[in-house]
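Letter by letter, the chains look like this.
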Amino acid sequence: MTSVDEPARPNGRIRDAARTRAEILDVATQEFARAGYDGARVDEIAARTRTTKRMIYYYFGGKEQLFTAVLERAYGVIRQAEQELDVEHLDPVAAIRRLAEVTFDHHEQHPDFIRLVSIENIHGAEHIAASEELGTIGSPALEVTGRILAAGRKSGLFTADIDAVDLHALISSFCFFRVANRHTFGALFGRDLVAADQREHYRRMLGDMVIAYLTADRTED
């Protein structure tokens with residue numbers, strides 16, 4: 001990566017580096033989510049942040065590194081929410097339902113995250129694969145989920161042969177589809193998956209589906 005010296009600051013004012021980086025990331029998130037990786041322009045991001053392209057290169061190194069930083073922060077937000085989960089005092093059924101609700105709420109509240117993930121999948125997850133931070137970030141919820149599943153099986157409540165990663169995929173698939181496919185689903189079937197008056201219906205349905213799968217009677221005749 002080519003080194004870029006720190007640009008001179010206008011009028012001699014000292015900008016707060018953390019605030020500047022955060023502002024750039026806010027706008028870059030919106031721009032990448034709107035236009036995709038290929039369509040996003042660093043010049044546009046600079047114009048909307050009242051800074052310069054040179055300043056963005058100073059902080060991030062270039063467009064590719066900026067997009068990686070956007071992904072790292074986006075995943076960091078959901079990981080932070082997972083770290084703040086307090087469910088292990090609940091019974092296994094209530095705990096799993098709460099885990100599903102947290103994912104449901106986060107995906108609904110962060111549509112840009114859904115678009116960024118979709119864009120990164122188009123690019124074969126190359127930025128995530130190259131990121132040291134994302135390569136080790138994991139999911140704090142997976143360890144908690146694993147313990148809850150173990151407790152549920154031990155008590156006889158859970159019968160499904162499923163691990164924490166599989167359960168994460170099961171929950172995320174519904175939450176992701178609901179936001180990512182809202183418009184095509186609505187055009188095809190005339191139903192808005194994120195309509196406010198249907199929110200609790202879908203939130204409850206997700207929990208019901210997951211619990212039904214985990215607790216289904218698998219006794220052979």
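Draft legend 1. Local environment of the overall build of the chain. Scanning the chain for helices and strands turns up 12 helices and 0 strands. Each principal axis of the C-alpha atoms in the chain carries an extent, and together these give about 75 × 40 × 30 Å. Across the 221 residues in the chain, those meeting the buried criterion constitute 39%. Sequence-distant contacts, at least 24 apart, represent 71% of the contacts inside the chain between residues at least 6 apart. Of the accessible surface of the chain, which amounts to about 12,700 Å², a share of 51% is contributed by carbon and sulfur atoms. Of note, the chain has its 27 positive side-chain charges centred 7 Å away from the centre of its 35 negative side-chain charges.

Draft legend 2. Looking closely at the packing of helix 5 (residues 92–109) against helix 9 (residues 140–155). Closest axis-to-axis distance for the helix 5/helix 9 pair is 9 Å, and the angle between their directions is 150°. Here helix 9 runs roughly antiparallel to helix 5, going by the angle between their axes. Like other packed secondary-structure pairs, helix 5 and helix 9 cross with a definite hand, here left-handed. Touching Pro92, Ala95, Ile96 and Leu99 of helix 5 are Ala141, Thr145, Ile148, Leu149, Ala151 and Gly152, all from helix 9. Split into classes, the residues belonging to the contact of helix 5 with helix 9 amount to 8 nonpolar, 2 polar and no charged.

Draft legend 3. Summary view of the side chain of His107. Structurally, His107 can be placed in helix 5. Ignoring sequence-local partners within four residues, the contact set of His107 consists of Ile78, Phe113, Ile114, Ser172, Cys175, Phe176 and Val179.

Draft legend 4. Looking closely at the confidence of the model for the chain. Mean pLDDT over the chain works out to 90, with 91% of the residues at or above the 70 mark. A low-confidence stretch, residues 10–14 (pLDDT under 50), is modelled with 1 contact involving residues beyond four sequence positions or located in other chains.

Draft legend 5. Layout of the pattern of salt bridges. Taken as a whole and assessed by the stated rule, the structure comprises 17 salt bridges. By sharing partners, the salt bridges in this structure join Arg98, Glu101, Asp105, Glu108, Arg178, Arg199, Glu200 and Arg203 into a single network.

Draft legend 6. Structural context of the packing of aromatic side chains. Here the structure, examined in full by the defined rule, presents 8 aromatic pairs. Taking 6.1 Å as the distance between ring centres and 10° as the angle between the ring planes, the aromatic pair formed by Phe32 and Tyr37 counts as stacked. Take Phe32: its relative accessible area is 0%, and that puts it in the buried class. Measuring from centroid to centroid gives 5.2 Å for Tyr37 and Phe67, while their planes differ by 55°, and the two rings are tilted. Placement of Tyr37 in helix 1 (residues 17–39) and of Phe67 in helix 4 (residues 63–83) is noted, with a sequence separation of 30 residues between them. Ring-pair connections join several aromatic residues into one group, and the members of that group are Phe32, Tyr37 and Phe67. Against the face of Tyr37 rests Lys63, its NZ or CZ located 4.9 Å from the ring centre.

Draft legend 7. Structural view of the environment of Asp38. Turning to its location among the elements, Asp38 is positioned in helix 1. Along the chain, Asp38 and Ala216 lie 178 residues apart, while their C-alpha atoms are 46 Å from each other.

Draft legend 8. Highlighting helix 12 (residues 199–215). Taking 1.5 Å of rise per residue, 17 residues should cover 24 Å, and helix 12 covers 24 Å from first to last C-alpha, within 8% of that figure. Of all the positions in helix 12, only Tyr202, Arg203, Leu206, Gly207, Val210, Ile211 and Leu214 are classed as buried. Along the long axis of helix 12, the arc covered by the buried residues comes to 165°, so they all point the same way. Contacts from the buried residues of helix 12 go to helix 5, helix 9 and helix 10 (164–180).

Draft legend 9. Inspection of the environment of Gln30 at higher detail. By the secondary structure assignment, Gln30 is in helix 1. Overall, the relative accessible area of 37% leaves Gln30 in the partly exposed class. Spatially, the C-alpha atoms of Gln30 and Leu116 are 9.4 Å apart, while their sequence positions differ by 86 residues. Those residues within four positions of Gln30 in sequence are excluded, and the remaining contacts are Arg48 and Asp112.

How each quantity is defined
Residue numbers here run from 1 along each chain, matching the order of that chain's written sequence. Since the coordinates come from a predicted model, pLDDT governs what is reported: local features require at least 70, and pairs of side-chain atoms require 80 or more to be given and counted, while whole-chain, interface and lining totals use all residues. Remark: hydrogens and water are excluded; side-chain values derive from all non-hydrogen atoms of the structure. Strands are runs of DSSP state E lasting at least 2 residues, helices are runs of H or I lasting at least 4, and numbering of each runs from the N terminus. The buried label applies to any residue whose accessible area, calculated with a 1.4 Å probe on protein chains only, is under 20% of its type's maximum; exposed applies above 50%, and partly exposed to all values in between. We call two residues in contact when some of their heavy atoms are within 4.5 Å. The method behind every accessible area is Shrake-Rupley, applied with a 1.4 Å probe, and residues are considered shielded solely by the protein chains displayed. Charge assignment in this entry is limited to Lys and Arg as positive and Asp and Glu as negative, and neither His nor the chain termini are counted. Where a charge lies is defined by one atom per residue type: Lys uses NZ, Arg uses CZ, Asp uses CG and Glu uses CD. The angle between two axes is taken between their N-to-C directions and runs from 0 to 180 degrees, where each axis is a line fitted to C-alpha atoms and a helix contributes only its stretch in contact. Oblique is the label for every angle not falling under 35 degrees (roughly parallel), over 145 degrees (roughly antiparallel), or within 65 to 115 degrees (roughly perpendicular). Handedness of a crossing is defined here by the sense of rotation of the near helix relative to the far one, left-handed for an anticlockwise turn of less than a right angle and right-handed for a clockwise turn. Each residue receives one of three labels: charged for Asp, Glu, Lys and Arg, nonpolar for Ala, Val, Leu, Ile, Met, Phe, Trp, Tyr, Cys and Pro, and polar for the others, Gly being one of them. Note on scores: pLDDT gives the predictor's confidence for each residue, bounded by 0 and 100. Take a side-chain nitrogen of Lys or Arg and a carboxyl oxygen of Asp or Glu: if they are within 4 Å of each other, that pair is a salt bridge. Any pair of Phe, Tyr and Trp rings, taking the six-membered ring for Trp, is counted once the centres come within 6.5 Å. Such a pair is stacked with planes under 30 degrees apart, edge-to-face with planes over 60 apart, and tilted for the rest. Counted as over-ring charges are cases with an Arg CZ or a Lys NZ within 6 Å of the ring centre that also lie within 35 degrees of the ring normal. In this analysis, the expected span of each helix is defined as 1.5 Å times one less than the number of residues it contains. It is the directions from the helix axis to the C-beta atoms whose arc is reported.

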